[in-house]
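Close look at the chain arrangement
In case you want the letters, here they are:
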Amino acid sequence: MGDVLPVGQKQLIYQSEKWVWLRRAYDEWTMAHGYRYIETPIVEEIDLFKRTSGETSDIVNKEMYLVRRSSQDGDEEKGFHLCLRPEGSAGVSRAVVEHGLARSASGLKFYYMAPMFRSERPQKGRYRQHTQIGAEVFKEESPAADVEVIALLYNFYRRIGLEQLELNINSVGDPNCRPAYREALIKFLEQFKDKMSEDSRARMYSNPMRCLDSKDRKDQELFADAPMMLEYLNEECSEHFAEVKMGLEKLGIPFTVNPRLVRGLDYYTKTAFEVLCKSLDGAIQTIGGGGRYDGLVELLGGPPTPAVGFGSGIERVLLALDSQNIEIPGYPAPRALIAYLDNGVKYDALKMAEELRSQGHAIEFVYRAKNLGKQLSHANKLGANFAVIVGGVEWERGEVSLKNLITRDERAVKIEDVSKILATAAGANSPML
RNA sequence: GCGGGAGUAGCUCAGUCGGUUAGAGCGCGGGAUUGUGGAUCCUGAGGUCGCGGGUUCAAUUCCCGUCUUCCGCCCCA
């Protein structure tokens with residue numbers, strides 16, 4: 001029996017340094033944009049996602065992990081009220097509403113890196129538990145926010161070395177212009193009612209826009225001449241979209257307008273976008289996506305609050321990096337290993353290691369060593385440049401033996417000088433002092 | 001949620017047409033070197049053959065279920 005919600009061992013165990021590296025890179029990048037880290041609960045009310053993603057969405061219908069809460073006397077409350085969150089935006093928006101943040105000053109910019117859960121058949125790049133990095137901007141209706149959010153995501157990918165990126169954008173309108181389009185689209189679809197795929201027929205009235213990105217070839221042919229949302233945008237949405245495009249051009253971010261791009265979630269308005277990485281297999285090329293969701297905060301009981309954001313699965317980002325053979329720095333090698341000649345000075349050595357660590361050095365230590373050779377061998381394996389050998393006559397004189405593992409030079413130094421020497425002897429090949 | 005392949009040591013994999021103590025390479029521990037490392041040689045540990053059930057005198061091997069994993073859908077990140 002494996003983990004209940006396996007993430008993929010290779011990501012978790014064998015590539016942990018890649019996760020650490022990616023997380024740091026994302027922290028740095030979002031902070032450079034002035035975003036603040038936010039953490040929201042993994043478990044949320046089911047209702048939150050029913051209201052935001054939509055009752056008819058696949059996420060709610062067949063991919064939700066339901067959680068039943070038990071009361072203290074052991075009786076289980078009837079029904080399922082809770083679930084493991086399937087995505088990030090709804091939870092952040094709920095937090096914004098609950099803490100009254102939407103009423104505070106502008107400049108509400110948040111980022112997160114957090115696990116998401118979807119109960120589906122696992123496959124490469126599609127896991128029941130996956131981790132998303134995301135960012136959300138609230139209280140900002142300017143297209144500049146859309147542009148910045150897209151730039152943050154796209155340039156993050158570039159920054160970590162990814163190539164073969166493709167940015168697709170679209171506008172899905174707003175509650176003012178979408179109803180007319182919806183009506184026109186349904187009218188168009190109805191003429192193919194008998195010919196279209198079952199999936200499309202099921203969605204035709206509940207979520208007709210989803211029919212447009214049907215993977216069914218026959219559907220694609222049938223719907224080739226379908227009316228597009230872009231043709232029905234009102235003046236406000238149209239101007240907004242134009243400014244987003246202009247902004248992206250100005251920032252030198254290449255994009256393609258894809259009128260069939262439809263986000264799976266109901267709360268998106270105006271801008272929708274996704275980033276593909278073409279070096280990945282087709283089914284998992286989408287590494288990030290998002291858009292504007294001006295109606296979400298109000299839907300959750302807050303004041304009308306425009307918002308824009310994205311989510312991106314880091315397991316896929318790591319796969320994308322792999323697919324392009326991009327080297328990621330591993331854990332840094334320790335600066336030195338503190339070795340001891342006999343157990344009598346073992347804790348003197350460990351104490352010295354702690355002191356050097358507190359002075360900013362990365363120090364290794366072997367808990368149980370039979371002889372010095374094993375310790376040096378270990379230092380070697382870890383890539384340490386120095387070994388500090390504690391014990392013997394040097395120790396009694398208040399000295400240790402400092403050995404450069406590259407040059408094999410070794411000499412006695414005063415204990416209080418070790419930190420300084422480790423700090424000044426810079427690179428692997430530089431001589432001691 | 002649907003269809004198909006796979007699961008044997010920490011890792012990569014052999015093998016068993018059902019039959020005594022299931023193997024290799026790498027990795028790991030110990031030694032040759034009792035205060036000096038990357039090579040070499042010697043040596044050792046490590047497996048309920050994914051889990052549960054069935055057939056059988058006997059199952060790691062055959063059958064069923066289940067979980068995990070990979071592939072194709074659905075969908076998405």
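See above for the structure.
Just so it is clear, the structure is predicted and the values come from calculations on it, not from any experiment.

With respect to the protein's contact with RNA strand B
- For RNA strand B, the set of nearby residues contains 47 residues, the closest of which are Arg118, Arg126, Ala283, Arg408 and Glu410.
- Looking at RNA strand B alone, sugar and phosphate atoms form 43% of those within 4 Å of the protein.
- In this structure, a base nitrogen belonging to RNA strand B sits 2.9 Å away from a main-chain N or O atom of Tyr127.
- Within the backbone of Ala283, one N or O atom sits 2.4 Å away from a base nitrogen of RNA strand B.
- Those elements giving two or more residues to the surface near RNA strand B turn out to be α4 (58-62), β6 (129-138), α8 (198-203), β10 (286-292), α14 (372-382) and α15 (392-396).

So, a negative patch on the surface
- Among the surface-exposed residues, Asp58, Glu198, Asp199 and Asp216 lie close enough to one another that they form a single negatively charged patch.
- Classification of Glu198 as exposed rests on a relative accessible area of 66%.

Some words on the pattern of salt bridges
- Under the counting rule described, the total for this entry stands at 13 salt bridges.
- Between Arg210 and Asp213 there is a salt bridge, and its shortest N-O distance comes to 3.7 Å.
- Here Asp213 falls in the partly exposed class, since its relative accessible area comes to 23%.
- Glu399 is the salt-bridge partner of Arg397, the closest N and O atoms lying 3.2 Å from each other.
- Judged by its relative accessible area of 15%, Glu399 is buried.

Observations concerning the packing of helix α2 (residues 16-32) against helix α6 (residues 143-159)
- Axis separation between α2 and α6 bottoms out at 11 Å; the angle between their running directions is 135°. By the angle between their directions, the pair α2 and α6 is classed as oblique. In this structure, α2 meets α6 at a crossing whose hand is right-handed. For the pair α2 and α6, the contacting residues are Leu22, Ala25, Tyr26, Glu28, Trp29 and Thr30 in the first and Leu152, Asn155, Phe156 and Arg159 in the second.
- When its residues are assigned to classes, the contact of α2 with α6 shows six nonpolar, two polar and two charged.

Comments concerning the sheet that holds strand β9 (residues 269-277)
- Here we have eight strands laid out as an open sheet, ordered β1-β5-β6-β11-β10-β9-β7-β8, and mixed in their pairing. Edge positions in the sheet fall to β1 (36-37) and β8 (256-257), since each has one partner strand and no second.
- Relative to β8, strand β7 (residues 165-171) runs parallel, the two sharing two bridges. From the neighbouring strand, Asn168 faces β8, where its bridge partner is Thr256.
- Lying over the sheet, helix α5 (residues 89-98) contacts β5 (108-117) and β6, oriented at roughly 45° with respect to β6.
- Helix-sheet contacts for helix α10 (residues 235-250) involve β7, β8, β9 and β10, and the interaxial angle to β7 is about 160°.

A word on the packing of aromatic side chains
- Under the defined criterion, the tally for this structure stands at twelve aromatic pairs.
- With centroids separated by 6.4 Å and ring planes inclined at 90°, the aromatic side chains of Tyr268 and Tyr293 adopt a geometry described as edge-to-face. Separated by 25 residues along the polypeptide, Tyr268 in the loop between β8 and β9 and Tyr293 in the loop between β10 and α11 (296-299) bring together distant segments of the chain.
- Here Tyr293 falls in the buried class, since its relative accessible area comes to 0%.
- Connected via pairs of aromatic rings, a cluster forms that spans Tyr26, Tyr37, Tyr111, Phe156 and Tyr157.

Concerning the sheet that holds strand β15 (residues 399-404)
- A sheet is described by the order of its strands in space; here five strands give the open sequence β13-β12-β14-β15-β16, paired in mixed fashion. Of all strands in the sheet, those bounded by a partner on one side alone are β13 (363-365) and β16 (410-414). Across the sheet, the mean angle separating the axes of adjacent strands is 30° when strand polarity is ignored.
- Where strand β12 (residues 336-340) meets strand β14 (residues 386-390), five bridges bridge the pair, whose relative direction is parallel. The residue of β14 that forms the bridge with Tyr340 is Val390.
- Strands in contact with helix α13 (residues 346-358) are β12, β13, β14 and β15; relative to β13, the strand with the most contacts, it is inclined by about 160°.
- Lying over the sheet, α14 contacts β12, β13, β14 and β15, oriented at roughly 170° with respect to β12.

Conventions used here
- Residues numbered from 1 in each chain as written.
- Chains lettered and ligands numbered in written order.
- Predicted model: local features only at pLDDT ≥ 70, side-chain atom pairs only at ≥ 80, totals over all residues.
- Heavy atoms only, no water.
- Near = heavy atom within 4 Å.
- Polar contact = N/O pair within 3.5 Å; in protein donor to acceptor, adjacent residues only side chain to side chain.
- Helix = DSSP H or I, 4+ residues; strand = E, 2+ residues; numbered from the N terminus.
- Patch = residues over 30% accessible without salt bridge, like charges linked within 9 Å, V, L, I, M, F, W, Y side chains within 5 Å.
- Areas by Shrake-Rupley, 256 points an atom, 1.4 Å probe, with all protein chains shown as cover.
- Salt bridge = Lys/Arg side-chain N within 4 Å of Asp/Glu carboxyl O.
- Lys, Arg positive; Asp, Glu negative; His and termini not counted.
- Charge placed at Lys NZ, Arg CZ, Asp CG, Glu CD.
- Buried < 20%, exposed > 50% of the residue type's maximum accessible area, 1.4 Å probe, protein only.
- Axes fitted to C-alpha atoms, helices over the stretch in contact; angles between N-to-C directions.
- Parallel < 35°, antiparallel > 145°, perpendicular 65-115°, else oblique.
- Left-handed = near helix turned anticlockwise from the far one by under 90°.
- Contact = heavy atoms within 4.5 Å.
- Nonpolar A, V, L, I, M, F, W, Y, C, P; charged D, E, K, R; others polar.
- Pairing = 2+ DSSP bridges.
- Phe/Tyr/Trp six-rings, centres within 6.5 Å; stacked < 30°, edge-to-face > 60°.

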